[in-house]
Amino acid sequence: MFVDQPTLWSNELRRLATTVVYRPTDLYEHGVKARFQRAAIAAADRVVATSGAVLTALGVPASTPSLVLPNGVELERFILTEDDVREDRAVYIGALDDRFDWNAVREMALRLPEWTFDIFGPGQAAPEPLPANVLLRGPVSYDDIPLILRRARIGLLPLSDAPVNRGRSPMKLYEYLASGLAVVTRETDVLTDDPDTGVVSYGRSRSAADAIHVATASASPNLPGSAAAAAAGWSEKARRLIGFATGGAS
């Protein structure tokens, strides 16, 4: 049995499965989720974390087998086609909540006034007016995402300084790369500069504006990034997860 949300934990789960694997996807340091998580870690047979930062914060007992297995991508859906027409567009698709940094988007859009910044997703609008080249597109169907990504050149991960972002392994990173986009992301304990795959970070060594400017020089489509994402398919992730849960090779 796999449990990947701490509030789903119950000691009664031990009666339903011979092996219980706790698999958190984010940092839960305070409140109800943290309390449930402590109970899950104490009782689980194995623990899988989606990043090294998350695993370190968990404090898993030395006697409990653990594994870092980052998130992945549905490769069959986000496959790169080289005949796509790429426009000078930067795109974000996801929730617009406290994990999202509007100021970074504003800074990037002001640096590249000739580019279009498409922001898709549910949530709250920016607290202040945005540049005219930032377009709020609203929620979008999952089925429509691949085509949207294949029209753009850069994928955005404008993470805020919310604590939960420190250990995130965002699926969007691999979806962007698989679709042939360069990626601009805030640097975290998990996400860093990777020139070989077209990932440009900001926050520690450069500003968001400088990062987007660097990313515009990336080849489009981003073939090295697409090749790197091919190793992050969910089929391979599932194979490793099942192998670890059953005591085999991971």
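Details of the structure are given in the entry above.
Report on the accompanying structure. (Residues numbered from 1 in each chain as written. Predicted model: local features only at pLDDT ≥ 70, side-chain atom pairs only at ≥ 80, totals over all residues. Heavy atoms only, no water.)

A few points about the packing of helix H3 (residues 102-111) against helix H6 (residues 208-215)
Here H3 crosses H6 at 50°, and the two axes come no closer than 8 Å. As judged from the angle between their axes, H3 and H6 are oblique. As H3 packs across H6, the resulting crossing turns out to be right-handed. Across from Ala104, Glu107, Met108 and Arg111 in H3, the residues of H6 making contact are Ala208, Ala209, Asp210, Ile212 and His213. Its residues assigned to classes, the contact of H3 with H6 comprises five nonpolar, one polar and three charged. (Axes fitted to C-alpha atoms, helices over the stretch in contact; angles between N-to-C directions. Helix = DSSP H or I, 4+ residues; strand = E, 2+ residues; numbered from the N terminus. Parallel < 35°, antiparallel > 145°, perpendicular 65-115°, else oblique. Left-handed = near helix turned anticlockwise from the far one by under 90°. Contact = heavy atoms within 4.5 Å. Nonpolar A, V, L, I, M, F, W, Y, C, P; charged D, E, K, R; others polar.)

As for the pattern of salt bridges
For the structure on display, the rule yields 16 salt bridges. Residue Asp143 is joined to Arg77 by a salt bridge in which the shortest nitrogen-to-oxygen separation is 3.1 Å. One end of the pair, Asp143, is in the loop between strand E7 (134-138) and helix H4 (145-150); the other, Arg77, is in the loop between strand E4 (66-68) and strand E5 (89-93), with 66 residues separating them in the sequence. Among the residues examined, Asp143 registers a relative accessible area of 55% and is labelled exposed. (Salt bridge = Lys/Arg side-chain N within 4 Å of Asp/Glu carboxyl O. Buried < 20%, exposed > 50% of the residue type's maximum accessible area, 1.4 Å probe, protein only.)

Considerations on the pairing of strand E3 (residues 46-49)
Side chains Arg46 and Val48 project from E3 onto one buried face, and the interleaved Val47 and Ala49 project onto a second face that is buried too. The pairing of strand E2 (residues 21-22) with E3 spans two bridges and is classified as parallel. Note on E3: the bridge partner recorded for Val21 is Arg46. Each parallel crossover has a hand, and the one from E2 via helix H1 (residues 31-43) to E3 is right-handed. As judged from the three bridges shared by E3 and E4, these two strands associate in the parallel manner. (Pairing = 2+ DSSP bridges. Right-handed = clockwise from strand over helix to strand, strands pointing away.)

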